[in-house]
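One-letter residues, chain by chain:
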Amino acid sequence: MTDYSQELSLALSAVRNAAEICQLVQRRIGSSAMAKSDKSPVTMADFASQAVILEAVGRAFPNDCLVAEEISTELQQEPELLGEVTTLVQRFHPQATSQQICEWIDRGHGAGGSRRYWTLDPIDGTKGFLRKEQYAIALALYDGGELVLGVLGCPNLPADPTRKLINPAITPIEQAQGGLFYAVRGAGAFVTSLDGHHLPRPIHVSASHNLHEYRVCESAEATHSRHDASATIAQSLGVAGEPVRMDSQAKYACVASGRAEIYLRLPTRAGYRECIWDHAAGVMVIEAAGGKVTDTTGKELDFSQGRHLSANIGVVATNGIHHEKIVAAIVAQQQSLAAQQ
Ligand SMILES: Nc1ncnc2c1ncn2[C@@H]1O[C@H](COP(=O)(O)O)[C@@H](O)[C@H]1OP(=O)(O)O
Ligand SMILES: [Mg+2]
Ligand SMILES: [Mg+2]
Ligand SMILES: [Mg+2]
């Protein structure tokens, strides 16, 4: 069994560096985002984070396939934004040129599939990032037909589950002890603080069996997950509390560290297929923490299909205790909706 220790230490340090850049930008950013051709927002931090991480991973593992969200084509059309990205990346690579940085960003054009690859979302939850709320830097490794390593940098989600969520508008960076959640298959899941001042601590999903007290988390964006459907399902399961709406894969870190028991992601439009970088790191962390992840039909997520989870519909992540019952409630609700049409 490969121990992946070299891959893990590289991933942790690259995500830490990217998190430093993202925290700087989040504190000073207005709403200055560029709209990509798919109309989703992207900021200088998304690009700088991807450049810093893919430079490190590509240098250490030059033969690996890299599958990342961003490409530099549209950035190259925006000289001012490219200049800002270059200044951010030069914090770690003082001699880097804008051209080199675009090359590092574009290393992520890989197709993925069944051979070994890394997948990266340099900022997952860019909308949350722009609202100065939750976001995650998500890096994962797929090898030998399965996810084997996942790292989630969550600058606004404290490593200590008893602490409140960090508000970057009022918490100075040096006091913000955001969490670095990580896992290697077969070696458990851990959290440490992004600032490196705390020793890693094992994390585990909630052991609660009491559905009435279960805490559900879901996307903050009603265009990313059906809020009406999740409310109906929660009610049918007897879940009493209101859902926690949060951007990004920080939701996976919440379930993995016992802050919530269920993460529902119910498709808002037929045919939408999740991107692998939106889930790989979170799935690895939650499974290593004792949780379970399937799609809304109960099928395991298949990360061998390329850049998208083409064989899956939606996502259900839980502490593993009532997973089948939760999926059955989703299937029943989808069937009753279909019958009404
Ligand atoms: N219709 C959609 N359904 C599910 N996820 C979506 C949809 N549109 C965008 N996303 C992705 O959801 C992710 C954020 O997850 P969350 O909603 O939990 O914060 C983003 O990466 C975003 O991709 P994009 O970067 O293209 O906007
Ligand atoms: Mg995006
Ligand atoms: Mg994303
Ligand atoms: Mg993103």
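Quantities reported herein were computed from a predicted structural model and do not represent experimental measurements.

> Explain the nonpolar core here, please?
The nonpolar side chains of a soluble globular protein tend to be buried with one another. With 54 residues, the main nonpolar core has I53, W118, L149 and V151 as its most contacted residues. Setting aside residues no more than four positions away along its own chain, V151 makes contact with L8, A11, L12, V15, I137, A138, L139, L180, F181, Y182 and A281.

> For this particular structure, what's the right way to read helix α2 (residues 44-60)?
Residues three or four positions apart in an α-helix share a direction because the helix packs 3.6 residues into each turn. Between its terminal C-alpha atoms α2 stretches 25 Å, which fits the 24 Å expected from 17 residues at 1.5 Å a residue. Most of α2 is tucked away, with 15 of its 17 residues classed as buried. The opening residue of α2, the one whose side-chain oxygen lies 3.0 Å from the backbone nitrogen of A45, is T43.

> Just checking my understanding: could you explain the site of ligand 1 for this structure?
The environment of ligand 1 is made up of 17 residues, and the closest members are S219, H224, S248, K251 and D278. Side-chain polar atom of K251 to an oxygen atom of ligand 1: 2.5 Å apart, as the coordinates give it. Contact distances for ligand 1 include 2.9 Å between an oxygen atom and a side-chain N or O atom of R265. The protein chains hide 90% of the 560 Å² of surface that ligand 1 would expose on its own. Judged by the fraction of its atoms near the pocket grid, ligand 1 is located in the largest pocket. Across the shell around ligand 1, the residue classes break down as 1 nonpolar, 6 polar and 10 charged.

> So what exactly am I meant to see when it comes to the UniProt feature "binding site: Mg(2+)" (unreviewed entry) in the protein here?
Look at the UniProt record and you will see "binding site: Mg(2+)" (unreviewed entry) annotated at E69, D121, I123, D124 and D278. In summary, the annotated positions, though distributed over 210 residues, converge in three dimensions, the widest C-alpha pair being only 9.6 Å. In the annotated set above, the residues contributing to the lining of the largest pocket are E69, D121, I123, D124 and D278. With respect to the helices, strands and loops of the structure, E69 is situated in the loop between β3 (65-68) and α3 (79-89). E69 gets classed as partly exposed once you look at its relative accessible area, which sits at 23%. Structurally, the position occupied by D124 is in strand β4 (residues 117-124). A relative accessible area of 9% places D124 in the buried class.

> Explanation requested: the domain arrangement of the protein in the structure shown.
The figure often quoted for interface size is the accessible area lost as the parts come together. Domain annotation for the protein reports domain 1 (4-202) and domain 2 (211-339). Opposite the 47 residues of domain 1 that make contact, domain 2 presents 30 residues. Between domain 1 and domain 2 the total buried area reaches about 2,700 Å² when both faces are included, carbon and sulfur atoms providing 65% of it. Summed over the shared surface of domain 1 and domain 2, the result is 3 salt bridges. Two residues, R185 and E287, come together in a salt bridge whose shortest N-O distance is 3.2 Å. Where domain 1 meets domain 2, there are 11 residue pairs in polar contact (both at pLDDT 80 or more). Looking at the side of domain 1 that touches domain 2, the elements with two or more residues in it are β3, β4, α5 (126-130), β5 (136-143), β6 (146-158) and β7 (178-184). At 9 residues, the largest contribution of residues to the side of domain 1 that touches domain 2 is made by β6. Grouping the amino acids of the side of domain 1 that touches domain 2 by side-chain chemistry returns 26 nonpolar, 12 polar and 9 charged.

> Sorry if this is basic, but what is going on with the coordination of the magnesium ion (ligand 3) here?
A metal bound by six donors in octahedral fashion has ideal angles of 90 or 180 degrees, whereas one bound by four tetrahedral donors has an ideal angle of 109.5 degrees. Around the magnesium ion (ligand 3), the donor atoms from the protein are D121 (OD), D124 (OD) and D278 (OD), and they sit 1.9 to 2.0 Å away. The metal-metal distance between the magnesium ion (ligand 3) and the magnesium ion (ligand 2) comes to 4.8 Å. Within this pair, whereas D121 is found in strand β4, its partner D278 is found in the loop between β12 (262-265) and α8 (280-288), the two being separated by 157 residues in sequence. Residue D278 is classed as buried on the basis of its relative accessible area, which comes to 13%.

> What exactly am I supposed to notice about the state of the cysteines here?
A covalent bond between the sulfur atoms of two cysteines is referred to as a disulfide. For the coordinates displayed, the defined rule picks out 0 disulfides. C154 takes part in no disulfide bond, and the closest cysteine sulfur, belonging to C254, lies 7.9 Å away.

> Looking at this model, I keep getting lost on the sheet that holds strand β14 (residues 315-318). Mind explaining?
What links the strands of a sheet is backbone hydrogen bonding, and the strands pair in either a parallel or an antiparallel sense. One open sheet holds the 5 strands; their spatial order is β11-β10-β12-β14-β13, and the pairing between them is mixed. Looking at strand neighbours, the two that pair on one side only are β11 (244-245) and β13 (292-294), the edges of this open sheet. Note: β13 against β14, 3 bridges, orientation antiparallel. Within β14, the residue paired with K292 across the bridge is T318. Against the sheet, helix α9 (residues 323-340) contacts β12, β13 and β14, and its axis sits at roughly 150° relative to β14.

> For this particular structure, what's the right way to read the coordination of the magnesium ion (ligand 4)?
Protein coordination at the magnesium ion (ligand 4) comes from E69 (OE), D121 (OD) and I123 (O), with a distance range of 2.0 to 2.2 Å. Expressed as a motif, the donor residue spacing for the magnesium ion (ligand 4) is E-x51-D-x1-I. In this structure, the magnesium ion (ligand 4) lies 3.3 Å from the magnesium ion (ligand 2), and both are coordinated by E69. On the criterion of sequence distance, the pair formed by E69 in the loop between β3 and α3 and D121 in strand β4 is long-range, its members being 52 residues apart. Given a relative accessible area of 1%, D121 falls into the buried group.

Each value, and the rule that gives it
Residues numbered from 1 in each chain as written. Chains lettered and ligands numbered in written order. Predicted model: local features only at pLDDT ≥ 70, side-chain atom pairs only at ≥ 80, totals over all residues. Heavy atoms only, no water. Core = buried A, V, L, I, M, F, W, Y, C linked by side-chain atoms within 4.5 Å. Buried < 20%, exposed > 50% of the residue type's maximum accessible area, 1.4 Å probe, protein only. Contact = heavy atoms within 4.5 Å. Helix = DSSP H or I, 4+ residues; strand = E, 2+ residues; numbered from the N terminus. Expected span 1.5 Å × (residues − 1). Polar contact = N/O pair within 3.5 Å; in protein donor to acceptor, adjacent residues only side chain to side chain. Near = heavy atom within 4 Å. Areas by Shrake-Rupley, 256 points an atom, 1.4 Å probe, with all protein chains shown as cover. 1 Å grid on protein atoms, 1.4 Å probe; cavity = no way out; pocket = protein on both sides within 12 Å on 5 of 7 lines; lining within 4 Å. Sits in = over half its atoms within 2 Å of the grid points. Nonpolar A, V, L, I, M, F, W, Y, C, P; charged D, E, K, R; others polar. UniProt positions renumbered as here; feature names shortened; annotations may be inferred. Domains from an automatic or database assignment. Buried area = accessible area lost by both parts, 1.4 Å probe. Salt bridge = Lys/Arg side-chain N within 4 Å of Asp/Glu carboxyl O. Donors = N, O, S within 2.8 Å, 3.2 Å for Na, K, Ca; no water. Disulfide = S-S within 2.5 Å. Pairing = 2+ DSSP bridges. Axes fitted to C-alpha atoms, helices over the stretch in contact; angles between N-to-C directions.

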